[in-house]
Amino acid sequence: GTYAAPTWTEVTIARDVALNLEATEAEASSRASTWKEYMVGLKDAGIEFDILYEGADSNYVLLRDAFLDGTDIEFLVFDGASATVGNQGLRATCKITGFGRSESMEEAVTSSVVAKPTPNTDAAPAWFTAV
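Summarised in this report is the structure supplied together with it. These figures come from a predicted structure and were not determined experimentally. (Residues numbered from 1 in each chain as written. Predicted model: local features only at pLDDT ≥ 70, side-chain atom pairs only at ≥ 80, totals over all residues. Heavy atoms only, no water.)

### Examining the pattern of salt bridges
Overall, the coordinates contain five salt bridges when judged by the stated rule. With a shortest N-O distance of 2.6 Å, Lys 95 and Asp 72 are connected by a salt bridge. You can see Lys 95 sitting in strand 4 (residues 88-102) and its partner Asp 72 sitting in the loop between helix 1 (58-69) and strand 3 (73-78), a full 23 residues away along the chain. Lys 95 gets classed as partly exposed once you look at its relative accessible area, which sits at 30%. Where Arg 91 meets Glu 74, a salt bridge forms, and the shortest distance between an N and an O atom there is 2.3 Å. Separated by 17 residues along the polypeptide, Arg 91 in strand 4 and Glu 74 in strand 3 bring together distant segments of the chain. By relative accessible area, Glu 74 is classed as partly exposed at 26%. (Salt bridge = Lys/Arg side-chain N within 4 Å of Asp/Glu carboxyl O. Helix = DSSP H or I, 4+ residues; strand = E, 2+ residues; numbered from the N terminus. Buried < 20%, exposed > 50% of the residue type's maximum accessible area, 1.4 Å probe, protein only.)

Now the structure itself:
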């Protein structure tokens, strides 16, 4: 798909997905203030999740290769299916900044993925609602 008409693919091997949103703060107090006052600075987003180690799975390969070669990936972190009207979440073009592997004694082998927004000429990260 394109940015205007995307084709979304669910990462079915994902588990324990976390969408971390926060903003920096800048103190804006003055001598007239009796309390510290703040303004919101730049927003930050991080998408963190584990995926089952499935070396032949197309999503595993895509995420691993995006980490290795720096390819951009567009993410839609929704609260449900992307085709369901009213579902919502963050849409952002990201770089994979972390791709670790865990080989626990009593768990399946997993990779921990971290994705962070990267510049995109189509749009900045934004809250998106399915229509």
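### A short note on the packing of aromatic side chains
Evaluation of the coordinates by the stated rule reveals five aromatic pairs. Relative to Phe 99, the ring of Phe 67 has its centre 6.4 Å away and its plane inclined at 20°; by these criteria the two rings are stacked. You can see Phe 67 sitting in helix 1 and its partner Phe 99 sitting in strand 4, a full 32 residues away along the chain. Overall, Phe 67 belongs to the partly exposed group, its relative accessible area being 35%. These aromatic residues form a ring-pair network of at least three members: Tyr 53, Tyr 60, Phe 67 and Phe 99. Looking at Arg 91, its charged tip hangs above the ring of Tyr 3, at a distance of 3.8 Å from the centre. (Phe/Tyr/Trp six-rings, centres within 6.5 Å; stacked < 30°, edge-to-face > 60°. Lys NZ or Arg CZ within 6 Å of the ring centre and 35° of its normal.)

### Quick notes on empty space enclosed by the protein
This model, assessed by the stated rule, comprises one cavity of 30 Å³ or more. Considered as a void within the structure, the largest cavity measures approximately 30 Å³ in volume. Every residue along the wall of the largest cavity is listed here: Tyr 3, Glu 74, Arg 91, Ala 92, Thr 93, Asn 120, Ala 123, Ala 124 and Pro 125. Of the residues forming the lining of the largest cavity, the biggest block, three residues, is contributed by strand 4. (1 Å grid on protein atoms, 1.4 Å probe; cavity = no way out; pocket = protein on both sides within 12 Å on 5 of 7 lines; lining within 4 Å. Points joined across faces, edges and corners; volume = space filled by probe spheres on them.)

### Considering the layout of surface pockets
Volume-wise, the largest pocket comes out at about 750 Å³. The wall of the largest pocket is formed by 25 residues, among which Thr 9, Glu 10, Val 11, Phe 75 and Leu 76 lie closest to the centre. At the level of elements, strand 1 (14-27), strand 2 (38-52), helix 1 and strand 3 are the ones that each hand at least two residues to the lining of the largest pocket. Here the lining of the largest pocket gets six residues from one element, more than from any other, and that element is strand 3.

### Describing the side chain of Arg 91
In this structure Arg 91 comes out as buried when scored by relative accessible area, which is 7%. In terms of polar contacts, Arg 91 uses its side chain to reach the backbone carbonyl oxygen of Tyr 3, at 2.7 Å. With residues up to four places along the chain from it excluded, the contact list for Arg 91 reads Tyr 3, Pro 6, Trp 8, Glu 74, Phe 75, Leu 76, Ala 124, Pro 125, Ala 126 and Phe 128. (Polar contact = N/O pair within 3.5 Å; in protein donor to acceptor, adjacent residues only side chain to side chain. Contact = heavy atoms within 4.5 Å.)

### Concerning the nonpolar core
Counting residues in each nonpolar core, the largest one holds 18 residues, and the members touching the most others are Ile 47, Phe 49, Ile 51, Leu 63, Phe 75 and Ile 96. Going through the elements one at a time, strand 2, helix 1, strand 3, strand 4 and strand 5 (110-117) are the ones with two or more residues in this core. For this core, the leading source of residues is strand 4, giving five residues. If near-sequence neighbours (up to four positions away) are discounted, Leu 63 is found in contact with Val 11, Phe 49, Ile 51, Ile 73, Phe 75, Ile 96 and Phe 99. (Core = buried A, V, L, I, M, F, W, Y, C linked by side-chain atoms within 4.5 Å.)

Nothing here speaks to function; it is all geometry.
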